[in-house]
Amino acid sequence: MQGYVHSFETFGTVDGPGVRFVVFLQGCPMRCLYCHNPDSWGHGGKEYSASDVLNKMTRNISFYRTGGLTVSGGEPMLQLDFLIELFSLAKDKGIHTCLDTSGCVFDRKNSERLSKVDKLLSLCDLVMLDIKHIDKSEHIKLTGHTNENVLDFARYLNEKGVKMRVRHVIVPEITYKDEYLTLLGKFLKGFTNIEKIEVLPFHKMGEHKYKSLGITCPLEKTKALSTSDAETAYNIIKSAMN
């Protein structure tokens, strides 16, 4: 099985527990205003077989004893068959597997696709779910898509007992508002599968990619937020969960 890969990170420390080999897959249906990888949106990338990707990791397996393999994107669930094969090979070698996804392409009404999702989840030790915005209409403004599939995927992971980390980027005047942070906390209240909540401050590190692609950066004039802002947002979410 061939997959389309955008890039690799060989010493990832923020994409799951421990030190990780991170595979960024090509392609994403969403157009998040704060995306720092706009070069991963469309078709393209370099083709790799699942075994070739795993071989790139296992050449330096000693580095990843405390961590494992994370697949991110783009949106990795666009390439379900490739993901299943890659994670199957990883589990055969006892490697911890983590899926970093927005959940936007999840659809429990599609039985054929759902069976593949179930197979993938059986091979996942952890899912990191990026909840872009809790409000449906604001999510559409932010990403170009509704959040219905995202929130339903969160519920589905909880139903299946799959360990989940929730990621949420706080952006001035978009997600950094008490009402939205409170709503997110209330939504997550009662979930029993949440391992961790990661609240990430909006940053400007991807702006150079927009310039290189000849694309206007939508949030070029938006200021970056600090770690203290992220801590404030986190506390609001946690308070609403209790």
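In this text, all values refer to a predicted model and were calculated from it rather than measured experimentally. For every chain, the first residue of the written sequence is number 1, and numbering continues from 1 onward in sequence order. Given that this is a predicted model, residues contribute local features only at a pLDDT of at least 70 and side-chain atom pairs are listed and counted only at 80 or more, while totals for whole chains, interfaces and linings are drawn from all residues. Only hydrogens and water are set aside; all other atoms, that is, all heavy atoms of the structure, feed into the side-chain values.

## Topic: the pairing of strand β7 (residues 164-170)
(1) Moving on: Think of it in three bands: residues with accessible area under 20% of the maximum for their type are buried, residues over 50% are exposed, and the middle band is partly exposed, with areas taken using a 1.4 Å probe on protein chains only. The numbering of helices and of strands both runs from the N terminus, where a helix is a DSSP run of H or I of at least 4 residues and a strand a run of E of at least 2. Burial analysis of β7 places seven of its seven residues in the buried class, the great majority of the element.
(2) Moving on: Of the two faces of β7, the one holding M164, V166, H168 and I170 and the one holding R165, R167 and V169 are both buried throughout.
(3) Moving on: In terms of strand pairing, strand β6 (residues 126-130) meets β7 through four bridges, oriented parallel. The residue of β7 that forms the bridge with M128 is R165.
(4) Moving on: For two strands to be treated as a pair, DSSP must find at least two bridges joining them. Where β7 meets strand β8 (residues 194-201), seven bridges bridge the pair, whose relative direction is parallel. Following the sheet pairing, M164 is matched in β8 by I194.

## A few points about the pattern of salt bridges
(1) Moving on: What makes a salt bridge here is a side-chain nitrogen of Lys or Arg within 4 Å of a carboxyl oxygen of Asp or Glu, nothing more. This model, assessed by the stated rule, comprises 14 salt bridges.
(2) Moving on: With its nearest N and O atoms 3.2 Å apart, the salt bridge here joins R165 to E198. Highlighted residues: R165 in strand β7 and E198 in strand β8, separated in sequence by 33 residues. Taken individually, R165 and E198 each receive the classification buried, so the pair is uniform in this respect.
(3) Moving on: The network of salt bridges with common partners includes D15, D100, R165, R167, E195, K196 and E198.

## Comments concerning helix α2 (residues 80-92)
(1) Moving on: Along its 13 residues, α2 runs 18 Å from first to last C-alpha, staying within 8% of the 18 Å computed at 1.5 Å per residue.
(2) Moving on: Residue G94 follows α2 closely and has a positive phi angle near 70 degrees. The span expected for a helix works out to 1.5 Å for each residue beyond the first.

## Digging into the packing of aromatic side chains
Given two aromatic rings, their pairing is described by the distance between the two centres and the angle made by the two planes.
(1) Moving on: Ring geometry is summarised as follows: Phe, Tyr and Trp rings, the Trp one being its six-membered ring, pair when their centres sit within 6.5 Å, and such pairs are stacked at plane angles under 30 degrees, edge-to-face over 60 and tilted between the two. Summed over all chains, the structure comprises eight aromatic pairs.
(2) Moving on: Ring plane angle 75 degrees and centroid distance 6.3 Å describe the contact between W41 and Y210, whose orientation is recorded as edge-to-face. Of this pair, W41 sits in the loop between β2 (20-25) and β3 (46-49) while Y210 sits in helix α7 (residues 207-213); the two residues are 169 residues apart in sequence, bridging distant segments of the chain.
(3) Moving on: For W41, a relative accessible area of 16% corresponds to the buried category.
(4) Moving on: Residue Y210 is classed as buried on the basis of its relative accessible area of 2%.
(5) Moving on: Look at F63 and Y64: their rings are 6.4 Å apart centre to centre, the planes differ by 65 degrees, and that puts the pair in the edge-to-face class.
(6) Moving on: F63 sits in the partly exposed class, given a relative accessible area of 47%.
(7) Moving on: One aromatic cluster in this structure is built from F8, F21, Y48, F63 and Y64.
(8) Moving on: Geometrically, a charge over a ring is one whose NZ (Lys) or CZ (Arg) sits within 6 Å of the ring centre while staying within 35 degrees of the ring normal. In this structure, K56 packs its charged tip against the face of F8, placed 4.9 Å from the ring centre.

## Observations concerning the packing of helix α6 (residues 178-188) against helix α8 (residues 227-241)
(1) Moving on: As a rule, the C-alpha atoms of each element are fitted with a line to give its axis, helices using only the stretch in contact, and angles between N-to-C directions run from 0 to 180 degrees. Across the interface, α6 lies against α8 with an axial gap of 7 Å and an inter-helix angle of 45 degrees. Viewed along their axes, α6 and α8 adopt a mutual orientation that is oblique. α8 is crossed by α6, and the crossing has right-handed handedness. Contact residues: α6 offers D178, L181, T182, L184, G185, K186 and L188, while α8 offers A233, I236, I237, A240 and M241.
(2) Moving on: Amino acid classes used here: Ala, Val, Leu, Ile, Met, Phe, Trp, Tyr, Cys and Pro are nonpolar; Asp, Glu, Lys and Arg are charged; the rest, including Gly, are polar. Residue classes in the contact of α6 with α8 are distributed as eight nonpolar, two polar and two charged. Here the word oblique covers every angle except those under 35 degrees (roughly parallel), over 145 (roughly antiparallel) and from 65 to 115 (roughly perpendicular). Each crossing is labelled by how the near helix is turned from the far one, with a counterclockwise turn of less than a right angle marking it left-handed and a clockwise turn marking it right-handed. The contact rule is simple, with two residues in contact once any of their heavy atoms fall within 4.5 Å.

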